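Structural overview
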Amino acid sequence: QVQLVESGGGLVQPGGSLRLSCAASGDVYSTNVMGWDRQAPGKQRELVAHITTNLRKTTYADSVKGRFTISRDNAKNTVYLQMNSLKPEDTAVYYCNARGWTTISSPFDSWGQGTQITVSS
């Protein structure tokens, strides 16, 4: 079983910054992709940013390009999301996601519990 623990959410003023962290633990052998999705009230969940393990290829939603930066520490199975120039429309619950393989060679696709980001003055 693989668990994802998120941290770093909270309330921030427009134009401010926050950094999210998500660590995978448990029966993890390797992670192929880690990243973040978000869901605002009344809206569908959407991809924010993902990053691969080997080539560190990144994917961003158009709405966050140039403002958010995703990175990872493979040794710690941890992914980070640096969010700058935050806007009220970034308000949402942010969910960490990780896909990879367990120590018994089973694939996993796990989600964190979600962390609230509120951008408001």
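Okay, so let's go over this structure. Please read all numbers here as calculations on a predicted model, not as lab measurements.

**Considerations on the environment of Tyr 95**
- Tracing the backbone shows Tyr 95 in strand β9 (residues 92–102).
- In this structure the C-alpha to C-alpha distance between Tyr 95 and Val 5, which are 90 residues apart in sequence, comes to 10.0 Å.
- Once residues lying within four places of it in the same chain are set aside, the contact partners of Tyr 95 are Glu 6, Gly 35, Trp 36, Asp 37, Gln 39, Arg 45, Trp 111, Gly 112, Gln 113 and Gly 114.

**Focus on the side chain of Thr 102**
- With respect to the helices, strands and loops of the structure, Thr 102 is situated in strand β9.
- Judged by relative accessible area, which is 9%, Thr 102 ranks as buried.
- In contact with Thr 102, not counting residues within four places along its chain, are Val 2, Asp 27, Tyr 29 and Phe 108.

**Remarks on the pattern of salt bridges**
- Within this structure, the stated rule accounts for four salt bridges.
- Arg 38 is paired through a salt bridge with Asp 90; the nearest N and O atoms lie 3.0 Å apart. Here Asp 90 lies in the loop between β8 (78–83) and β9 and Arg 38 lies in strand β4 (residues 28–39), a separation of 52 residues in the sequence.
- On the basis of relative accessibility, which here comes to 1%, the residue Asp 90 falls in the buried class.

What counts and how
- Residues numbered from 1 in each chain as written.
- Predicted model: local features only at pLDDT ≥ 70, side-chain atom pairs only at ≥ 80, totals over all residues.
- Heavy atoms only, no water.
- Helix = DSSP H or I, 4+ residues; strand = E, 2+ residues; numbered from the N terminus.
- Contact = heavy atoms within 4.5 Å.
- Buried < 20%, exposed > 50% of the residue type's maximum accessible area, 1.4 Å probe, protein only.
- Salt bridge = Lys/Arg side-chain N within 4 Å of Asp/Glu carboxyl O.

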